[in-house]
Amino acid sequence: MKKRFIISVIINSIFASFLSNCWLIIATKPSTLCIIVPLFLVVNIISGFLTLKTESFKNKVCCHGTVLLFSFYISVIVSAIYHILLLTGVLDTSILGYSLSAIYCICINAVVFWNGIICVYLTSSQLGIKIRVIGIICGMIPVANLIALYFIIKATAKECIFETEKEILNKSRQDERICATKYPILLVHGVFFRDSKYLNYWGRIPKELEDNGARIFYGNHQSAASIEDSAQELANRINEIIKITGEDKVNIIAHSKGGLDCRYALLNPETAAHIASLTTINTPHRGCLFADALLNKFPEKTKNKVASAYNATLKKFGDKSPDFLTAVSSLTNEHCQQLNSQLTTTNGVFCQSVGSILKKATGGKFPLNFSYHLVKYFDGKNDGLVSENSFKWGENYILLTPKHNRGISHGDMIDLNRENIDGFDVREFYVNLVYDLKKRGF
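Cut-offs and rules
Residues numbered from 1 in each chain as written. Predicted model: local features only at pLDDT ≥ 70, side-chain atom pairs only at ≥ 80, totals over all residues. Heavy atoms only, no water. Core = buried A, V, L, I, M, F, W, Y, C linked by side-chain atoms within 4.5 Å. Buried < 20%, exposed > 50% of the residue type's maximum accessible area, 1.4 Å probe, protein only. Helix = DSSP H or I, 4+ residues; strand = E, 2+ residues; numbered from the N terminus. Contact = heavy atoms within 4.5 Å. Phe/Tyr/Trp six-rings, centres within 6.5 Å; stacked < 30°, edge-to-face > 60°. Lys NZ or Arg CZ within 6 Å of the ring centre and 35° of its normal. Expected span 1.5 Å × (residues − 1). Arc of directions from axis to C-beta. 1 Å grid on protein atoms, 1.4 Å probe; cavity = no way out; pocket = protein on both sides within 12 Å on 5 of 7 lines; lining within 4 Å. Points joined across faces, edges and corners; volume = space filled by probe spheres on them. Nonpolar A, V, L, I, M, F, W, Y, C, P; charged D, E, K, R; others polar. Salt bridge = Lys/Arg side-chain N within 4 Å of Asp/Glu carboxyl O. Pairing = 2+ DSSP bridges. Axes fitted to C-alpha atoms, helices over the stretch in contact; angles between N-to-C directions. Parallel < 35°, antiparallel > 145°, perpendicular 65-115°, else oblique. Left-handed = near helix turned anticlockwise from the far one by under 90°.

## Re the nonpolar core
Membership of the largest hydrophobic core comes to 25 residues, with the highest contact counts inside it found for Trp 202, Leu 209, Ile 253, Met 413, Phe 424, Phe 429 and Tyr 430. Only strand 1 (185-188), helix 8 (205-211) and helix 17 (426-439) provide two or more residues apiece to this core. Not counting residues within four places of it along the chain, the set of residues in contact with Phe 424 comprises Leu 400, Ile 408, Asp 412, Met 413 and Phe 429. In this structure, Leu 19, Val 43, Ile 108 and Leu 149 belong to the second largest nonpolar core, which totals 20 residues.

If you want it as structure tokens, here you go:
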């Protein structure tokens, strides 16, 4: 895939470099326009679309823009050398010829650049706001603009190749339906979030699972409530799913506090009878000393003010009775230790847990990059929110510790930022997780 991409870049760079510096040819032989104009249109309209074998229009456009930016980058270097040779007299031309050639060159390169930058800005998922803003700020600063462009190209090129490879992988195993488990998958969100089709809590994970045969449902419970209340909401939701699917059980994958909510739901024998498996993702099974410290040290007035603002906001998003302080209290070490005496594993339900470690604060997005140091102070190694000591639960435990220095944050585990992380493909991780449930007969 990379080889195909590189070949396309080389070919288009040659074309772009030629098109940008052919004014003297056009001035001498205007008839060459019948070749130059079609070539210009091909480079700017279709060249990048033929680079990778992807069926995604979004990825095709992003790839097209990336190839154009690569071509622009090379063309600028070639054009600079060419016009230096013209200016110094190494290549013979008049002052007028040099001036017209320079103007023509700037115009052609500008078309290639703007075509490319608009394509990647509109379609890339990996550029992020930071790189986009840097690109805009540095756009008119010589040298700095080329440095910024390098990082833009690097990010979008990796994205195009990675997404195409994933597309090919899913297509190759489409008939296997490796995520078609016996029972449907129920995804349960954590605290302070809601399920939403406009801003999916689970990022690109559900689609990846569905593309591989999974049946996906969501908890649809409130964002901030006690563990007991959330458990009851989830019990009702499980009954709804059973009626919809005709199946008598569900497989639950729960993130963060959602894991505690589901464990509490298992206390009800009637609910437990409808749960085939429970997989918790970065759940604070032993609570967070960080949460204890916050609740104990913050002034009562400040806590109530924050809680009131949050509760009022979440009511507008559909929560009937959000309770910020109760939700936070549910995550304290003290509260979870009390619950653990009750929340034992249930016979007949396969229980497992997953955890991850963020190796440095800068590896996480706000606010996890801020909370990382605080959690580390109170709890030690953590994912930006929950400590390593709190993850383990059930008969099977997976701790993710990639070799690279970044690590995997609490948000990375649900693809919250839709980021392709070097050394960790979160979508493929969930595909393998669900495939394992299928192989176990769930």
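The rest of the description comes next.
## What about the environment of Lys 2?
Among the structural elements, Lys 2 can be located in helix 1 (residues 2-20). Along the primary structure Lys 2 and Arg 215 are separated by 213 residues, whereas in three dimensions their C-alpha atoms are 33 Å apart.

## Looking at the packing of aromatic side chains
Think of a pair of aromatic rings as described by two things: how far the centres are apart, and how the planes are tilted against each other in angle. In the structure shown here, the tally under the stated rule is 14 aromatic pairs. Centre to centre, the rings of Trp 202 and Tyr 430 are 6.1 Å apart; their planes meet at 85 degrees, and the pair counts as edge-to-face. Here Trp 202 is found in the loop between strand 1 and helix 8, whereas its partner Tyr 430 is found in helix 17, with 228 residues between them in sequence. The same class applies to Trp 202 and to Tyr 430, which are both buried. One cation-aromatic arrangement involves Arg 132 over Tyr 121; the distance from NZ or CZ to the ring centre is 5.6 Å.

## Notes on helix 13 (residues 300-316)
Between its first and last C-alpha atoms helix 13 spans 25 Å; for 17 residues at 1.5 Å apiece the expected length is 24 Å, and the two agree. Lys 303, Ala 307, Tyr 310, Asn 311 and Leu 314 are the residues of helix 13 that are buried. Along the long axis of helix 13, the arc covered by the buried residues comes to 100 degrees, so they all point the same way. What points out from helix 13, more than 90 degrees from its buried face, is the exposed set Lys 301, Lys 305 and Lys 316. Looking at the buried side of helix 13, the elements it contacts are helix 12 (289-297) and helix 14 (324-329). Where helix 13 ends, the next residue or the one after it, Gly 318, has phi of about 115 degrees, a positive value.

## Remarks on empty space enclosed by the protein
For the structure on display, the rule yields one cavity of 30 Å³ or more. When its volume is computed, the largest cavity comes out at roughly 30 Å³. What lines the largest cavity is simply Phe 162, Arg 204, Glu 419, Asn 420, Ile 421, Phe 424, Asp 425, Val 426 and Arg 427. The residue inventory of the lining of the largest cavity, partitioned by class, reads four nonpolar, one polar and four charged.

## As for the pattern of salt bridges
Within this structure, the stated rule accounts for 16 salt bridges. Here Lys 166 ties to Asp 425 by a salt bridge, and the two come within 2.9 Å at their closest N and O atoms. Taken together, the positions of Lys 166 in helix 7 (residues 144-172) and Asp 425 in the loop between strand 6 (396-400) and helix 17 put the pair 259 residues apart, joining distant regions of the chain. The residue Arg 204 makes a salt bridge to Asp 415 at a minimum N-O spacing of 2.9 Å. Of this pair, Arg 204 sits in the loop between strand 1 and helix 8 while Asp 415 sits in the loop between strand 6 and helix 17, and the two are 211 residues apart along the sequence. Here the salt bridges do not stand alone but share partners, grouping Lys 166, Arg 173, Glu 208, Asp 425 and Glu 428 into one network.

## Topic: the side chain of Ser 101
Its location among the elements puts Ser 101 in helix 5 (residues 95-123). Once residues lying within four places of it in the same chain are set aside, the contact partners of Ser 101 are Trp 23, Tyr 82, His 83 and Leu 86.

## A word on the side chain of Lys 257
Summarising the element assignment, Lys 257 is placed in helix 10 (residues 257-265). Overall, Lys 257 belongs to the buried group, its relative accessible area being 2%.

## Observations regarding the sheet that holds strand 5 (residues 350-356)
In spatial order, the strands read 2-1-3-4-5-6; together these six strands make up an open sheet with parallel pairing. Looking at which strands have only one partner, the edges of the open sheet turn out to be strand 2 (216-218) and strand 6. Here the strands of the sheet are splayed against their neighbours by 20 degrees on average, with no regard to which way each runs. Pairing geometry for strand 1 and strand 3 (residues 250-255), over four bridges, is parallel. Bridge pairing links Val 188 to Ala 254 in strand 3. Of the strands in this sheet, strand 1, strand 3 and strand 4 (275-281) are in contact with helix 10, which crosses strand 3 at around 140 degrees.

## Some details on the pairing of strand 1
Side chains Ile 185 and Leu 187 project from strand 1 onto one buried face, and the interleaved Leu 186 and Val 188 project onto a second face that is buried too. Pairing between strand 1 and strand 2: three bridges, direction parallel. Its bridge partner lying in strand 2, Ile 185 is registered against Ile 216.

## Some points on the packing of helix 5 against helix 7
Taken N-terminus to C-terminus, the directions of helix 5 and helix 7 make an angle of 55 degrees; their axes are 11 Å apart at the nearest point. Regarding the angle of helix 5 to helix 7, the classification is oblique. Handedness of the crossing formed by helix 5 with helix 7: left-handed. Every residue of helix 7 that contacts helix 5 at Phe 113, Ile 117, Val 120, Tyr 121 and Thr 123 is listed here: Leu 149, Ile 152, Thr 156 and Glu 159. Of the residues that constitute the contact of helix 5 with helix 7, the class distribution is six nonpolar, two polar and one charged.

## Side note on unusual backbone geometry
Even without glycine at this site, Phe 192 takes up a positive phi of about 70 degrees. Relative to the assigned elements, Phe 192 resides in the loop between strand 1 and helix 8. For Asn 282, which is not a glycine, the phi torsion comes out positive at approximately 50 degrees. By secondary structure assignment, the location of Asn 282 is in the loop between strand 4 and helix 12. The exposure class assigned to Asn 282 is buried, which follows from its relative accessible area of 0%.

The values are spatial; any link to function lies outside them.
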